[in-house]
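Chain and residue survey
Listed here are the chains, written in short residue letters.
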Amino acid sequence: MPELPEVETIVSALRDGRSEYHASVVGLTVGDAEVLWPKTLAAPTEEEFQTRIREQMITGLSRRGKFLVFCLATDHLLIHLRMSGDLRLEGIQDESGNPKPFDKHDRLALNFTEGSRLVFNDTRKFGRVWLAKDPVDITGNLGPEPLDESFTAQQFHQMLTARGRQLKPLLMDQTFIAGLGNIYTDEALHLARLHPLSQSSQITPDQSGGLLEAIRAVLSEGIRRNGASIDWVYRGGDFQNHFRAYGRTGEPCPECGTLIERLVVGQRGTHICPNCQPIL
DNA sequence: CATCAACCCTGAGAGC
DNA sequence: TGCTCTCAGGGTTGAT
């Protein structure tokens, strides 16, 4: 499931033309778009999308939370990969000069005038694409970026204690803090030795500081390892081989050897060490 | 404001 | 072999 580190990995590779993307998308000009699964396009209408995106050059690419933000000449293209979304950059034609057929779960494609295309593939059809003048229209309700150095432990503590919620659902709330999903939340809580059901209002300044450090540590490690590849969505990362708690039910905790337990918190499968993460 | 359930989808894995 | 059933998972929406 693409979370902040997976999106960051894709964004930086696509921008710099690294790994499976052998060229950068920056500088390419959109010829036309093909919408293969209409619900993928969140806004505007398909008709308006087609006419507006035509002849726009990609001038930059960045990330906000789990959104990819493509800066175009006069618009912004935003993509949220949700559960199973992925992006592919490939030639429009095969070696023989024939049009390359789409794969089974391809949902939307941008054909570039340079002869390549960017294909959005999404098995589960949860991913969405927007075209907007101002990206803030889409991302405006997101919380702060956890890796932003101007975001301080004092602010974080103030935010946590201002709310009365269970820690895990609060951390996964994108309007509270942007970019954390199920995997990195479990990993950060384990590293910070905090229980996912603990009340945010009860957290001490030290614990808030430790939690922010832990969030930054697991996100940074995820980015360094090019993200995690789990289920059948494989894109080259190897953070999945270094999980502390996530998906390790019945296996020993790396800190103390106690067996990792699975519980359900806020409708999400949750993994904890009952010894390292006592309930407050 | 917090919590909870339903919904959107598909493929994997279990059970038969 | 192949059928049916259950479930995960991010985010949105609506009910309590």
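Residues numbered from 1 in each chain as written. Chains lettered and ligands numbered in written order. Predicted model: local features only at pLDDT ≥ 70, side-chain atom pairs only at ≥ 80, totals over all residues. Heavy atoms only, no water.

**Observations concerning the environment of W37**
You can see W37 is positioned in the loop between strand 1 (30-35) and strand 2 (41-43). Given the relative accessible area of 27%, W37 is considered partly exposed. Once the C-alpha coordinates of W37 and K125 are considered, the two residues, 88 residues apart in sequence, prove to be 8.3 Å apart. The residues contacting W37, other than those within four sequence positions of it, are R107 and K125. (Helix = DSSP H or I, 4+ residues; strand = E, 2+ residues; numbered from the N terminus. Buried < 20%, exposed > 50% of the residue type's maximum accessible area, 1.4 Å probe, protein only. Contact = heavy atoms within 4.5 Å.)

**Thoughts on the protein's contact with DNA strand B**
Taken together, 13 residues are adjacent to DNA strand B, and K39, H105, K125, R163 and Q267 come closest. The sugar-phosphate share of atoms of DNA strand B within 4 Å of the protein amounts to 62%. Across the surface near DNA strand B, the residue classes break down as 2 nonpolar, 5 polar and 6 charged. (Near = heavy atom within 4 Å. Nonpolar A, V, L, I, M, F, W, Y, C, P; charged D, E, K, R; others polar.)

**A short note on unusual backbone geometry**
With an omega of 0°, the peptide bond between A43 and P44 qualifies as cis. Structurally, the position occupied by P44 is in the loop between strand 2 and helix 2 (46-53). The phi dihedral of Q267 falls on the positive side, at around 65°, and the residue is not glycine. Residue position: Q267 is located in the loop between strand 10 (261-265) and strand 11 (268-272). The class for Q267 is exposed, based on a relative accessible area of 72%.

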